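Fold and geometry: a report
Here are the chains, one letter per residue:
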Amino acid sequence: MLPPARCLPLVLLSSLLVGSGLACGPGRGFGKRRHPKKLTPLAYKQFIPNVAEKTLGASGRYEGKISRNSERFKELTPNYNPDIIFKDEENTGADRLMTQRCKDKLNALAISVMNQWPGVKLRVTEGWDEDGHHSEESLHYEGRAVDITTSDRDRSKYGMLARLAVEAGFDWVYYESKAHIHCSVKAENSVAAKSGGCFPGWATVHLEQGGTKRVRDLRPGDRVLAADEQGRLLYSDFLAFLDRDDGSRKVFYAIETREPRARLLLTAAHLLFVAPPPHNRSAAAEPGAPGAGAAGPGSRALFASSVRPGQHVYVVAGRGGARRLRAAAVHRVTLREEAAGAYAPLTAQGTILVNRVLASCYAVIEEHGWAHRAFAPFRLAHALLAALAPARTDPSGGADGGGPGGGPGARADAPGIHWYSRLLYRIGTWLLDGEAVHPLGMAAPSS
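All figures in this text were calculated on a predicted structure; none of them were measured in a lab. (Residues numbered from 1 in each chain as written. Predicted model: local features only at pLDDT ≥ 70, side-chain atom pairs only at ≥ 80, totals over all residues. Heavy atoms only, no water.)

This part covers helix α5 (residues 376–388). With 13 residues, α5 extends 18 Å between its outermost C-alpha atoms, agreeing within 8% with the 18 Å of an ideal straight helix rising 1.5 Å per residue. Taken together, the buried positions of α5 are occupied by F378, R379, A381, H382 and L385. Considered in projection along α5, the buried side chains sweep an arc of 160 degrees and stay on one side of the axis. Turned more than 90 degrees away from the buried face of α5, the exposed residues are L380 and A387. (Helix = DSSP H or I, 4+ residues; strand = E, 2+ residues; numbered from the N terminus. Expected span 1.5 Å × (residues − 1). Buried < 20%, exposed > 50% of the residue type's maximum accessible area, 1.4 Å probe, protein only. Arc of directions from axis to C-beta.)

Attention shifts here to the side chain of H270. Structurally, H270 is set in strand β16 (residues 270–275). Of note is the side chain of H270, whose polar atom sits 3.4 Å from the backbone nitrogen of C198. (Polar contact = N/O pair within 3.5 Å; in protein donor to acceptor, adjacent residues only side chain to side chain.)

Any two side chains of opposite charge can pair if their charged atoms end up close together. In this structure the tally under the stated criterion is 16 salt bridges. Between E142 and R72 there is a salt bridge, and its shortest N-O distance comes to 3.1 Å. Of this pair, E142 sits in the loop between β5 (122–126) and β6 (145–150) while R72 sits in the loop between β1 (47–48) and β2 (76–78), and the two are 70 residues apart along the sequence. Take E142: its relative accessible area is 0%, and that puts it in the buried class. Classification of R72 by relative accessible area gives partly exposed; the value is 22%. What emerges from the salt-bridge pattern is a single network uniting R72, E75, E142 and R144. (Salt bridge = Lys/Arg side-chain N within 4 Å of Asp/Glu carboxyl O.)

Before going further, it helps to spend a moment on the pairing of strand β21 (residues 351–354). Residues T351 and L353 of β21 are buried on one face, and the alternating residues I352 and V354, pointing to the opposite face, are buried as well. In textbook terms, the turn of a hairpin is the stretch between consecutive antiparallel strands, and for β21 and strand β22 (residues 357–363) this stretch comprises 2 residues, one of which, N355, has a positive phi near 50 degrees. (Pairing = 2+ DSSP bridges.)

Core analysis: the biggest nonpolar cluster contains 60 residues, and F199, L272, L346, V354 and Y362 have the highest contact counts within it. Filtering out sequence-adjacent residues up to four positions away, L346 remains in contact with D237, F238, L239, A240, L242, C361, Y362, F375 and F378. Among the nonpolar cores identified, the runner-up in size contains 29 residues, and M160, A162, F170 and I181 belong to it. (Core = buried A, V, L, I, M, F, W, Y, C linked by side-chain atoms within 4.5 Å. Contact = heavy atoms within 4.5 Å.)

Judged by how many residues are buried, β5 sits mostly within the fold: 5 of 5 residues are covered. Where strand β3 (residues 84–86) and β5 come together, 3 bridges link them in parallel fashion. What sits directly across from I85, in β5, is R123. Across 4 bridges, β5 lies against β6 in antiparallel orientation. If you follow E126 over to β6, its bridge partner there is D147.

In space, the 6 strands of this open sheet follow the order β1-β7-β8-β6-β5-β3, with mixed pairing throughout. Two strands in the sheet have a free side with no partner beyond their single neighbour: β1 and β3. Each of β3, β5 and β6 touches helix α2 (residues 100–116); the most contacted strand, β5, lies at about 140 degrees to it. (Axes fitted to C-alpha atoms, helices over the stretch in contact; angles between N-to-C directions.)

Bringing unusual backbone geometry into the picture now. With an omega of -5 degrees, the peptide bond running from I48 to P49 counts as cis. Within the secondary structure, P49 sits in the loop between β1 and β2. You will see that E137, though not glycine, has its phi angle at about 65 degrees, which is positive. Take E137: it is sitting in the loop between β5 and β6.

The subject of this paragraph is α2. With 17 residues, α2 should cover 24 Å at 1.5 Å per step; its first-to-last C-alpha distance of 24 Å lies within 8% of that length. Those residues of α2 lying buried are R101, C102, K103, K105, L106, L109, A110 and V113. Lining the buried residues of α2 we find β2, β3, β4 (97–99), β5, β6 and α3 (158–168).

Here we take up the packing of aromatic side chains. Evaluated as defined, the whole model comprises 12 aromatic pairs. Taken together, a centroid distance of 5.6 Å and an interplanar angle of 55 degrees make the contact between F73 and W128 tilted. Separated by 55 residues along the polypeptide, F73 in the loop between β1 and β2 and W128 in the loop between β5 and β6 bring together distant segments of the chain. Put simply, the rings of Y362, F375, F378, W419 and Y420 pair up and form one aromatic cluster. Its guanidinium or amino end placed over the ring of Y141, K65 lies 5.0 Å from that ring's centre, counting from NZ or CZ. One cation-aromatic arrangement involves K178 over Y44; the distance from NZ or CZ to the ring centre is 4.3 Å. (Phe/Tyr/Trp six-rings, centres within 6.5 Å; stacked < 30°, edge-to-face > 60°. Lys NZ or Arg CZ within 6 Å of the ring centre and 35° of its normal.)

The residue D95 is located in the loop between β3 and β4 in this model. Nearest to the buried, unbridged D95 among oppositely charged side chains is K87, at 7.7 Å. Of the polar contacts made by the side chain of D95, one reaches the backbone nitrogen of D88; its length is 3.1 Å. When near neighbours in sequence (up to four residues on either side) are disregarded, D95 contacts F86, K87, D88, E89, E90, V124, T125, E126, G127 and W128. (Lys, Arg positive; Asp, Glu negative; His and termini not counted.)

All right, on to the confidence of the model for the chain then. For the chain, per-residue confidence averages 80 on the pLDDT scale, and 75% of positions sit at 70 or higher. Per-residue pLDDT, averaged within each element of the chain, yields its smallest value for helix α1 (residues 4–24) (37) and its largest for strand β8 (residues 180–184) (98). Confidence over residues 189–194 falls short of pLDDT 50; this stretch has 15 contacts with residues more than four positions distant or in other chains. Confidence drops under a pLDDT of 50 for residues 288–294, and excluding neighbours within four residues, the segment shows 17 contacts in the predicted structure. (pLDDT = per-residue confidence, 0-100.)

Laid out in structure tokens, this is it:
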């Protein structure tokens, strides 16, 4: 019989193989000959997905109009694809301007159109609108929407054109009018769409032995400031990076408070704890009060992209033993692109204080409790490994965890998304409603 220290690596290896099989294995019908996918035209007034355009399950909320002299104008890029005809009735080139994500989908659709109908090209009748010709909060004002037809303007083709747009990857497609198809994409461009749930590498955490450390420099064995379910401050073991992307460019939401003053950058799909409104908050509801829930009753974890000025987040105030969490009003929320990499640290507690602001270690679904329970097997495996092979989690011993991704069966400094996170994401997308999963929760695998 193998000793426990030898058995555990075998168990973890088996888990890795099972996880890989579930996450990347063949789908239904493996071994059968695949037939070409039959495409069904959309019906007039049908839209896919079957939710409102400006919801998480489709193209997401309206982010604000872009004008030529605004800071966000640089988000738009011209499309000079010769296989696409741009109507450009204003003769300003505005219809050619769009976000990179919209451009990618439109170019893919242009190829599909030529394959479907030889000699026919894709035609864009409306793109970015700088003149206010569309309804209030139209995604045309952000370069995230296009209205399209075929170059021959054969209306009998429009239902199939809409279906091809769905297959090309547009986030929302609507057979809006007998005269055109409306398509739109999510707010973040191709950089932000790969954001996952992370912090920039220069963000700092507080260590148990004193001082601070940059997130990108964390190693297994470090103990960092976190909070328990009652909102009481404590130090928790850093276990692994659920995602690590060194040196990449990401779009972060910058959440700023004044009293106490703090500033936290995190990606759209990451969870942040938000306190109940002041008029619903009592002394017993303050973090650390007897009987308080996670960071206090009434608090909840929201996607960073859902946090708005006027809401309250938890910021650590005071020094030494007098430190405690305080609800601080959000003064400003902005978008900021950084090239400092992106890192998603996991602690045993499931929470972490980054730049003095309390955040969840989780992302993708807006349920911190569910996510924390889903990681229970991972925490158990890590605890067993630490008990049986303590040198593997000793930072002074150069802990490496053993393999890619961080934590059990993984190296903490390896880049990429942890296999356990990827497995849970795959399972979640099977089991949960599309509205429950943030559309920018995880980068799509490279083809």
